[in-house]
Structures are given as structure tokens and as C-alpha cells.
Amino acid sequence: PDSPTSMGTLTYREDLEDGNKNTAFTWEAKANNRAYSSQFKKKVFLCWEKEKYKTNVIHTAKYNFFSFLPLNLYEQFHRISNQYFLLIIILQSIPEISTLPWFTLFAPLVCLLIIRATRDLMDDIGRHRSDKAINNRPCQILMGKSFVGKKWKDLCVGDVVCLSRDSIVPADLLLLASTEPSSLCYLETADIDGETNLKFRQALMVTHHKLTNTKKMASFQGRVMCEEPNSRMHHFVGCLEWGENTYPLDIGNLLLRGSKIRNTDTCYGMVIYAGFDTKIMKNCGKIHLKRTKIDLLMNRLVILIFLFLVVIAMALAVSFGFSFKEFRDRHYYMATPQRGSIALESFFIFWGFLILLSVMIPMAMFVLAEFIYLGNSIFINWDKQMYYEPQDIPAKARSTSLNDHLGQVQYIFSDKTGTLTQNVMTFKKCCISGCIYGPDAEERTLKENPYLWNKYADEKFLFHNKKLLYIVQARKDKVVQEFWRVLAICHTVMVQDGPIPPPDQLLYQAASPDEEALVTAARNFGYVFVSRTQDTITLMELGEEQVYQVLAMMDFNSTRKRMSVLVRKPEGTIYLYTKGADTVILDRLHKRDLSELATEEALAAFAKETLRTLCLAYKEVDKDIYEEWQRRHKDASILLQNRAEALQELLGATAIEDKLQDGVPDTIKCLKKGNIKIWVLTGDKQETAVNISFACKLLTENMLILEEKEILRILEDYSECNNNLLTKNSFLKSLPQMNLAMVINGDFLDQVLLSLRKEPRALIQNKNADESQQKSGEGIRDVQQARQISMLWRTFGTQLTQSKFNKSETQESPEVCRERAFVDLASRCQAVICCRVTPKQKALIVALVKKYQQVVTLAIGDGANDVNMIKTADIGVGLAGQEGMQAANNSDYVLAQFCFLQRLLLVHGRWSYMRVCKFLRYFFYKTLASMMVQIWFSFYSGFSAQPLYEGWFLALFNLLYSTLPVLYIGLFEQDVSDQRSLEMPELYMAGQKDKLFNYWVFFQAIAHGTVTSLVNFFMTLWLSQDTAGPASFSDHQSFSVVVALSGLLSVTVEVILIIRYWTVLCVLSILLSLIFYGLITCNTQSTWLYRISPKTFPFLYVDRNVLSCPSTLLVILLNVSLNTLPILAFRIIYQALKKPCLKEEEKEEASTEEITTVEPIPRLQRQTRSRRSSYAFSHREGYADLITQGTILRKPPEVSSEVIPDSPVPSVEELPLNSKNAS
């Protein structure tokens, strides 16, 4: 084959031919020819066409200069409350029906719109800045006959680009050549798929050999024919037409946007997809307008209140029509202007009442809510306990409208690499001949460096064990020597020189951090890997150089789970060195001895510590066996057979720690106590994800882990029921109560879920058939787990046959039912681990849970591969970590560490939700308590829509007289302290169940406010009858003041009763509210204002006259007492009766939620061990082939005829690419 990265040339060519038959290549790109790309057009609408190929400019912001005002207003008026206020303002502007000036509501609405627009504008300015920074990144573009410095935004399809080490790939490029041997290029794709191991890409051999300088690249006119832009990150099919030949292309030839060039000095590529056509941008998704559950509920409540007001206003208008004549005859002395018939008068009265009662939906509530959201966001920014000092990163609330949603999260979707882990591998422990060697005490290691004798030792290596080092230096223990020899030989690490290499310093180029940690450990213990050629590997063993001849090298893959190297030692003996998973190494041992039993115990201990383990073994191979295998290998091109890989002796095991971020296990444990389910969505391999999940305590040993076969069986049983179990409750309650977990991968999701199959799949290869090649002894399930699954299916099958339900009237398609069943099953699991998923699949999983579970979701990640997931979730949290700021720039909240999520949700989230709920409930109560009297008053005013209160009281009641206490509730109220919130995460469940504000709570507030208004109005009316003289308050103005004061004091006493966090600020807010009422009332009822405008200030000294009469004060006190004491007594009795009921419910829940357990059984044989394997190794298949073929190795200096210049941008004349000096 032309390229070792072609993934099987024969199979690939068949896929290419099949793709050409089913899906014609419609995407064309011609090198160094922008005019060719610009000729293609795409029809948008009717005769309107635009260019088919996008530029490399990206715009992730929502608005621009021209669209901001109309688009923002359009979004804001999606709120029903704003539409309602706009309607009332329009009605107020009509003189015939207006009861209040139009500007009294217009000015607050404009302020509210400006506040929200300013908030949205500030968020969008941040997106514009991020877009500008990305679009203006520098790059080198081939213009004419030389490379010129340009910006990313200047790139077009067909351009040839030069990239240097550590550069970020600006677009999806076809790799043309590089300075590495055979035009290899090494990439780090952690920002795309979360994998930390290096990947390699390789140019076609034809471009590698022919495009050797800038002049030849400038004359390159190849044309690429490929598939349309899509979101499939790991698939690409196309061909290169150059001259008269056609060369197949696959994903191994493509550099994806967002990848980072590693260990490659210079590479060159041709732009295939640019801008939003790139695969990473296809996975990024769109910005969604995020609304909280309370916000959506408020929309429905506004509609409900408006309909209620319409009904009330209509009833009062009809009553006016019936009583108009009688009222006019009784009050003949009053002038009643006639505007037409009684029907017309009733029509005007209807609109007058609708305007008068519009205060039932107070504008002040929405204005104050914006300040409350802003204040709680500022408190998040100010929280010192979420400040990460090592990197100087505080928590930041980038969105100010989602704080209450933080208190209702039920599902967290987390990335793994960089989010749960630090992406740092350390050699933690090892077991040799059954003896465990751990790190020495820190006090001893700090005093002296035990590796001073080794000039090759890495100073950053932190594992120190004096006893093991003494054994190594003694050179008497053969097992110890072979142990370190295996680590130094059995790998695919390359040695490269540093930029300015000090004497004897080595720089390793490893495909994974795991492998580098193991080779570095051997290096520090005296077995130093120095160099390799195509068929040799050189070690420095305790100061002595040893050259081993490499006879064969077999790489890791998902089936073998091990790597083997067959070498000939300097003395001529042949040895097979192997490292790999314990499940495959232990089964290949010739004999079972005490050393193996001790090693298995050590592996079990390492697994409990959640360390990543590898077993090491070796065998001395007879020359006859090797010669027979070599002959067969040459004849049939086969790999080393199992009998040759049968191992003679187990050397031991290594334990590597994939360091978690600080506090991750405790955070997950605490969040799970708060009934928050955590799913891990990662692009990494399954073994690594499962190992980290155990380390995080997300998975535990007593969990029954469902894998693909069990899940498919459940879904098949579900479909066989013919929709009899359509709802999630009837389906999933048939499962026994077990502690379940689920581990799946992206390919499985692609097969199961309907939404993942929207894109054409003609060019996608089927899942590889590794399963069919598995050895019989490798796939045997643990006996205990087999019994659990057997029990699960016996119970499930019995209950399934017993459960018969009628078919639903609304039939769903089988695919949708399958999706629903899968999501419902996953929701029953305590943990779900999704491996090898693309960014689009991450977002789709979040969307499916939102669709079928109707829950609040939170996504957290730190890389560009998490952006789509963050945008799709109800709340997006970005970690400002090592993978850049793309996730943080697209998130709603920014944190520095995963552990801060605990405080963000359980403290700030719960407080914000509780504050907003209490604020809304109290605001509705106080509004109805004061304003419902307008309805009762209309029965005594001839239904004339005459206001009861003084106009200034109406205007200032929600603005000053009762605002400060409710604002204090929204900003500072606490039911328990922050420490108590973290100690009792169960308190968080109230928000998940919408306990603090729902329809029932709303109607309670309505009822409470209505009763208060009835007491204030009718008690005052009853006591004012048959009174006369100076002490009488039966006149309109005195009666109005008594009712107003009763209402104001009643709602003030209520706020005193409901506040639980008392501070000086709380007392001041209550006192200032009453002081404001006194001062403003004294001024509005003063003589000098009355003289200026008697109509505007008609209440002259009314409050002074009323309050100077003791009997009136007693009436006000009686009203407040009747409003307060019964409610207080009811609450005390309710709480006393509620506690015993709660205890009984907890006992019932504990009895019904018992977990089905299966008694452990003794181990029957080695293949069915009950110990969990903690094998996890980040390594990509293919490096061994590159080494044995010599593709990855540099040629000796004497072979090179060209010299690579030091500068990353080569000269115009010479561009040598095929080789580089190894010095």
C-alpha cells in the first residue's frame, strides 16, 4: 500500500467504489485556484444564489450592528409578560377608556427592555471578541511562489497552507507533505475528541515524493473530489485527481481544524473545508435561547392572570350595564357624562377595569427580578471559595438569567479529559514477583535525590523507592532486570533531540502519556531507551550499552489488548516480551504459582485504588519455533500465533495514576446525594473512561454494568411488546430494583438512536468485526455478574409477560419508541458512560434526555469538542483549563475546577432558586392583598372603575413602599448556611421537584392575598358603618387610607414572618419602606402641593387625621391581627403534623428502594475471576507498523541530500521535505 494509514487499502478501495456508486462526490477543491471554487453557486431561495464554498471566517455571535435591535426585541417579546404590558400601554393611550396615564407603564417597560438588551449585548460582545481573536490568528498561505503571512479569515478552499510545530490547524486540510519521514504528521486532538494520545496522519506517497519545494507546490494543480461537508469526525472519503491518475483519500490524510501539530517541525496542507464547513464547526451547534422553568411557568401564569382579569372585567362591565340606571337614579345629584348607549358605556367600562386591574401583573416584579438575577450572579463572581489561586481564575457568571435554574439540575453531562482529570500520568506503584513497591515517605525523598548516579535520569520523575533501587543496582534478581527490560523495549516510543540538547539528555516522543510514564520509569531505574532503527533497539542498561535485534512487533488493538515484541538479545537468545491487560496476560501463562496469586492480589489492590494497570510477562522462544514461525510468516504474512505467544513467566504489574482534579470523587458523591445523575461523555476509549469512572466513585464494585448486548436485549423486548409498554413508568418499573450502570460507545449510539441517522451513511464503514476475532477465553463474563444479569432477565421477563396494557391512542414509530426506551433505561442507571462519542453525539444525548425526561440538564467541559453539548444543555459550564477557552467562551458559567460545581449548584443554585421562588410568591401575595380591594370597592361604586386608593399610593406601592423587603429576600435570603447546604445535599431535591414555586404555590399566594384583601376591606367597611364625627372614617378618602394602611402593614408583617436570615440590612429595608411611606405621604398630602394641583394631590392631610384617632388605629391593628394570627397558627399546626408524615414516607421509600443484591460465589477458575480489571491504556494502533516498515524512522545523515532550513517558512527555491538530519 502507498500509505500505512490507509486503514486497509483493499477494504478502503471497495468502500470508495461503493461510495461512488451510491453517493457521487459533489465537493470539489482545486489547489492554488480560488477562481475555480468561486464559480460554484448554491441556490438559496427562488433565483437567489450564493457561493457554495464558505470562507474561513466564523461568526458565533447572535447579533450584528443591524440585527441587534429587531432581533433582540423579537426575542424579548416572546415573553408573554412583555406582550401583556404592551397591550395595556396601547389601551392606556386611548383617552376614552384610560384610567391611568400611558407613560406610567411605558417608562418601566422601556427600562426593563433596556436592562435585558444591555445584558444580551454584553454577552454577545464577548462572542464577537472571541470570533475576532480566532479569525485573526496568523497562518502562512502560498501566494504565487512564496508563503505569505496572512490571517485565518483570509483562507479559502484550495489554498495551500504551511504549519509549524504547536500550530493549530486553521481548516480541514489535505496533508500534502511534511518534514517528518514519509511525510508523517503528529497531531494532538484533545480539543476535538478528548483523546490525549498523539495521532498520526500521512500524506500520499505521490505528493510526498513530488512536492519537495515551494516551486513545485506553487505549480501543484491537483483536484480533490470528496463528500459534502458533514459532522462525522472520524470518517472522510474522497480522491485526488492529479495528472492522469486518481488516488484514494481517507481520514488518515486529513488534518482537522482545531488539531494541534505536535513533534512535527513543518507540514503543508491544502484546504478542503473552510469555516462553518469544517467538521468541528459542523459539530458546534447553534446558540439556543435558554429559558428557565420558572420563566416558562411565569409565561403561563401571565396568560392565566390575564384571562382571569378579562373575565372579572367582563363581569364587572356587565354588572355596570345592569345597575347603571338604578345607580344613576339613586345618586341623581352626581354628574354622569353620557358617552352613548348603556352597551357602549359598558364596553368602555370593561376596558377601564382591565387597565385598572392591570397592576395584578406588576411591572415592578419583572424589573426587580432582573436586579435579583444580576445580584446573584455578582455573588457567584465574588465567591472566594470558587477562586482558583494557582491559575488566578475566579468563577464567572457569563449569563445572569439562569441562576435559579442552577437549583433545579437533575442531570450533569461531563467531559472526562481536562474536566474530571488533570491529564497527567504518574508512575505510582509496581509489583514484581508478587512484591509491591510503592513510593517512599516524602521526608526521605526530600532529603536526597536517589537518581544522582544515573546521568540519564529524568528530574521530573517523582517515584522513589530505595529498596527497589538497591535491588536493581545489585543486578542479582533476574525477574527485576527483565521487568525493567520489558518496559524499556516493549513500546513504540521514539527518541528525539531537544532544541539545544544538553549532554546525555533524552526527549521522548510517545504516542500516549501512559507509555511515556512507563519508559521514563525504566529510564530512571537504569534501563534507558536510547535509540531505535527499523530492526534494532538500543538500551543503556545500568551504564552498559545493549543492542537488541527486533524480530517482530505486534501492536495494541481493542481485541488483543496487549503489545508484544520479539527480540534477539546480544548473546543470541530470543525472547518474547509482552505487556497488556491482566485478563489476557494471566490466561496465557504456562503455570500457576504463588507469584501469580500475589500479583493478582496486588492487581486487586491497585484496582481498588483505581490505578491503571498493565501486566508484564516474557518467554524465551526456542530457535526452532521461531524459525518455523518466520517461515510461515513470510509465506502467509501472518502474525505470531497464540502458541508462540504463550508466556513462560509473569514478571509483575505496573500501576499508573491518571490524576484526577482535586475533590472530584467527593464532589460526585455529594452531587449524587442531591439526586443529581452524572453522565460522562468522552471521545476517549472505553477502558480509560471506565477506569476514571471508578476513580471518581461514579462506578462502584456493586454496580451491575449493562453493556451493548444487554441493552440491545432490553430494547428488543421492548419492541416485541408492540408498544404495550409505551410509557416509561410501565416499562421501566418492570425492571427489578438494582444498582445499574451503563457503558456504551458512539458506534452503538449510531445504531440505536434515530436522530443520529439523519445524515447519509453510504460512505460510513460498518463497525469493525473485532468481536468475531476474539479468543474464546477473552470474552467470558464474570460469574457473579452473569448471575446478576440472569436474575435481572428472569425477573424482567416474568414481569414483562404479566404486564399487559392497552395500546396508546397516539402510536409512535418503532424508531421513536426505541429512542424513548433507551433514554428511559439510561435514566434508571446510577451512572452512564458514553465513550468514543463525537461532539455532535454529545449534544444529541443531551437533547434526547431533555426531550424524553423533561428535566433540567447541565453540561460541563473544557474543550472545543464540548461546545455543542454546552450550548444544547439548559446550563452550560465551561472550565478554563488546558484545552483553551472555547468552552468557557460559549458557556453560561465559567469555573476553574470541577469541584467548584458542588458549591455552584448546592449553594448558589439552591439559594437563587429559593430566593426567586420566595420573591415571586410574596410579590403575588402582596399585590393581590392590596389590589383585590379594587374589585370589592367596585360593588359599592356602581361598577364605575373608580380607583379606591390615592393615585400616588397606587404608583409607589410596588416601587417604594413594599419593594426593599422583597428585594432583600431575592438577594440575601438564606434558609440554611452555605456549609449546611453542602453537608445536607438532600435539600437540593426541593428544586428538582419544583416544590417552592408551582401552580399550587401560586394559587396559595392568590388565596392568601384574596383573604387578606377581604379582611382589610370588609372589616373596615363593617366597622365604619353608622359612624360620624371626627372619629369617623366612612368617607371615601379616610376609608381608602385605612384600607391602604391595613394592607401595607399586613404585607410588612408577612414579610417579617417569612424572612429566615435576619441581618441589619433586613431591618433597615423594612424600616426604610415604612419611612418612605410616611415621608412621601406627608408631602403628597401637604397644603403647598394641594394648592399647586388639587386634582393631582386631592388627599389633603387625610393620613394625619386618620392616624390621630385611636379608634382608627385599633381598626388597623385588628385588620393586621386577623390577617396574621390565623395564618401563623395554621403554619405552626401544619409543620407539627408534617414531620411525622415525612418520617413515615422516608421509611416507606427506604423499604421500596432496597437494592437487589446477589451473594458472591467463590472463583471457579482463572478465566472467571471476580476481580475487576483496571486495565486502561491510551494507545492508538498503527505505530508498531510504522516502526517495522521504517516509515517513522529518519534516514541516516549520509542518505539525506537536502537540508531543512531552521525557519518554519522555507525559501522559495528549496523545500526539502523527505528527510531531516537525525542529529
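Reading guide: rules and limits
- Residues numbered from 1 in each chain as written.
- Predicted model: local features only at pLDDT ≥ 70, side-chain atom pairs only at ≥ 80, totals over all residues.
- Heavy atoms only, no water.
- UniProt positions renumbered as here; feature names shortened; annotations may be inferred.
- Helix = DSSP H or I, 4+ residues; strand = E, 2+ residues; numbered from the N terminus.
- Buried < 20%, exposed > 50% of the residue type's maximum accessible area, 1.4 Å probe, protein only.
- Contact = heavy atoms within 4.5 Å.
- Areas by Shrake-Rupley, 256 points an atom, 1.4 Å probe, with all protein chains shown as cover.
- Polar contact = N/O pair within 3.5 Å; in protein donor to acceptor, adjacent residues only side chain to side chain.
- Axes fitted to C-alpha atoms, helices over the stretch in contact; angles between N-to-C directions.
- Parallel < 35°, antiparallel > 145°, perpendicular 65-115°, else oblique.
- Left-handed = near helix turned anticlockwise from the far one by under 90°.
- Nonpolar A, V, L, I, M, F, W, Y, C, P; charged D, E, K, R; others polar.
- Phe/Tyr/Trp six-rings, centres within 6.5 Å; stacked < 30°, edge-to-face > 60°.
- Lys NZ or Arg CZ within 6 Å of the ring centre and 35° of its normal.
- Expected span 1.5 Å × (residues − 1).
- Bend = angle between axes of the 7 residues up to and from the residue.
- Pairing = 2+ DSSP bridges.
- Salt bridge = Lys/Arg side-chain N within 4 Å of Asp/Glu carboxyl O.
- Patch = residues over 30% accessible without salt bridge, like charges linked within 9 Å, V, L, I, M, F, W, Y side chains within 5 Å.
- Lys, Arg positive; Asp, Glu negative; His and termini not counted.
- Charge placed at Lys NZ, Arg CZ, Asp CG, Glu CD.
- Core = buried A, V, L, I, M, F, W, Y, C linked by side-chain atoms within 4.5 Å.

Identification of the chain as Phospholipid-transporting ATPase from Otolemur garnettii is taken from an unreviewed UniProt entry. Within the UniProt record for the chain, the comment given under Sequence similarities (unreviewed entry) is "Belongs to the cation transport ATPase (P-type) (TC 3.A.3) family. Type IV subfamily." Under Catalytic activity (unreviewed entry), UniProt gives the following word-for-word description of the chain: "ATP + H2O + phospholipidSide 1 = ADP + phosphate + phospholipidSide 2."

A. Structural detail: the overall build of the chain. For the chain, the count of helices and strands is 43 helices and 35 strands. Of all 1223 residues assigned to the chain, the portion counted as buried reaches 55%. Within the chain, contacts between residues at least 6 apart in sequence are counted, and of these 76% link residues at least 24 apart. When the accessible surface of the chain is split by element, carbon and sulfur atoms take 57% of a total near 54000 Å².

B. Highlighting the environment of E1054. Position of E1054 among the secondary structure elements: in helix α38 (residues 1036-1058). Judged by its relative accessible area of 5%, E1054 falls in the buried class. For E1054 and V1120, which are 66 residues apart along the polypeptide, the C-alpha to C-alpha distance reads 9.6 Å. Of the polar contacts made by the side chain of E1054, one reaches the side chain of R1131; its length is 2.6 Å.

C. Geometry of the packing of helix α31 (residues 900-931) against helix α37 (residues 999-1024). Two elements in contact, α31 and α37, have axes separated by 7 Å at closest approach and are oriented at 30°. With respect to their mutual orientation, α31 and α37 come out roughly parallel. α37 is crossed by α31, and the crossing has right-handed handedness. On α37, the residues that touch R921, F924, Y925, L928 and A929 of α31 are V1001, F1002, Q1004, A1005, I1006, H1008, G1009, T1010, T1012, S1013 and N1016. For the contact of α31 with α37, the residue count by class is eight nonpolar, seven polar and one charged.

D. Representation of the packing of aromatic side chains in the model. In the structure shown here, the tally under the stated rule is 51 aromatic pairs. An angle of 20° between the planes, with centres 5.7 Å apart, marks the rings of Y575 and Y618 as stacked. Placement of the pair is Y575 in strand β26 (residues 574-580) and Y618 in strand β27 (residues 612-621), with a sequence separation of 43 residues. Y618 carries the same exposure label as Y575, and that label is buried. When the centroid spacing of 5.0 Å and the interplanar angle of 85° are considered together, the rings of F1017 and F1018 count as edge-to-face. Classification of F1018 as partly exposed rests on a relative accessible area of 33%. Among the aromatic residues, those joined into a cluster by ring pairs are F427, Y451, F461, F463, F483, W484 and F525. The aromatic ring of Y36 is capped on one face by K30, whose charged end is 5.4 Å from the ring centroid.

E. Representation of the environment of L174. Summarising the element assignment, L174 is placed in strand β7 (residues 172-178). The spatial distance from the C-alpha of L174 to the C-alpha of V224 is 8.9 Å, given a sequence separation of 50 residues.

F. Molecular detail of α31. With 32 residues, α31 should reach 46 Å at 1.5 Å per residue; the first-to-last C-alpha distance of 44 Å fits that figure. At G909, α31 shows its largest bend, some 30°. Judged by how many residues are buried, α31 sits mostly within the fold: 31 of 32 residues are covered.

G. Helix α28 (residues 839-853), seen in detail. A rise of 1.5 Å per residue sets the reference length of α28, with its 15 residues, at 21 Å; its end C-alpha atoms lie 21 Å apart and thus fit the reference within 8%. The buried fraction of α28 amounts to 11 of the 15 residues, a majority that puts the element mostly inside the structure. Phi turns positive, to about 55°, at Q854, one or two residues after α28.

H. Expanded view of the UniProt feature "active site" (unreviewed entry) in the chain. Taking the UniProt record as the reference, the feature "active site" (unreviewed entry) is found at D415. When sequence neighbours within four positions are dropped, the list of residues in contact with D415 reads L420, L681, T682, K842, I860, G861, D862, N865, D866 and M869. Within the local environment of D415, its side chain forms a polar contact with the side chain of K842, the two groups lying 3.3 Å apart.

I. Structural detail: the environment of L712. Structurally, L712 is set in helix α23 (residues 708-720). L712 gets classed as partly exposed once you look at its relative accessible area, which sits at 25%. Counting along the chain gives 36 residues from L712 to F748, while the straight-line C-alpha distance between them is 9.5 Å.

J. Spatial organisation of the sheet that holds strand β15 (residues 266-273). If you walk across this open sheet you meet the six strands as β5-β4-β6-β15-β7-β13, and the pairing is antiparallel. Two strands bound the open sheet, and with one partner strand each, they are β5 (146-151) and β13 (254-255). Pairing of β7 with β13, which is carried by two bridges, proceeds in the antiparallel orientation. From the neighbouring strand, L173 faces β13, where its bridge partner is L255.

K. Spotlight on the pairing of strand β9 (residues 199-202). In β9, alternate side chains face the same way, and those of K199 and R201 on one face and F200 and Q202 on the other are all buried. When strand β8 (residues 184-188) meets β9, the two strands line up antiparallel, connected through four bridges. Across the sheet, Y186 pairs through a bridge with F200, a residue of β9.

L. Molecular detail of the pattern of salt bridges. The final tally for this structure, using the stated rule, is 38 salt bridges. Between D124 and R127 there is a salt bridge, with the nearest N and O atoms lying 3.0 Å from each other. With a gap of three residues between them, D124 and R127 both fall in helix α5 (residues 103-135), about one helical turn apart. In terms of burial, D124 and R127 fall into one category: buried. Taking the shortest distance from any N to any O, the salt bridge between R612 and D658 comes out at 2.9 Å. One end of the pair, R612, is in strand β27; the other, D658, is in strand β28 (residues 649-660), with 46 residues separating them in the sequence. Here the two residues R612 and D658 agree in accessibility, since each one is buried.

M. Structural view of a nonpolar patch on the surface. A cluster of nonpolar side chains, contributed by I1056, W1062, V1064, L1065, V1067, L1068, L1071, L1072, I1075 and L1079, occupies part of the molecular surface with about 880 Å² of accessible area. Element by element, the count of residues in the nonpolar patch is highest for helix α39 (residues 1064-1084), at eight residues. With respect to the helices, strands and loops of the structure, L1065 is situated in helix α39. Given the relative accessible area of 43%, L1065 is considered partly exposed.

N. Examining a negative patch on the surface more closely. Together, E620, D622, D624 and E627 give the surface a local cluster of negative charge. Mapped onto the secondary structure, E620 falls in strand β27.

O. Local environment of the sheet that holds β8. The strand order across the open sheet formed by three strands is β9-β8-β14, and the pairing between neighbours is antiparallel. A strand with exactly one partner marks an edge of an open sheet, and here the two such strands are β9 and β14 (260-262). Direction aside, neighbouring strands of the sheet carry axes that sit 45° apart on average. Bridge count for β8 against β14 is three bridges, and the pairing is antiparallel. If you follow L187 over to β14, its bridge partner there is I261.

P. Looking closely at the nonpolar core. Core analysis: the biggest nonpolar cluster contains 99 residues, and M298, M360, F919, Y949 and F997 have the highest contact counts within it. Broken down by element, this core gets its largest block of residues, 14 residues, from helix α10 (residues 293-330). Beyond its immediate sequence surroundings of up to four residues, M360 is in contact with I305, L309, T927, L928, M931, M932 and I935. Grouped together as the second largest cluster of nonpolar side chains are 77 residues, F200, I489, L603 and I656 included.

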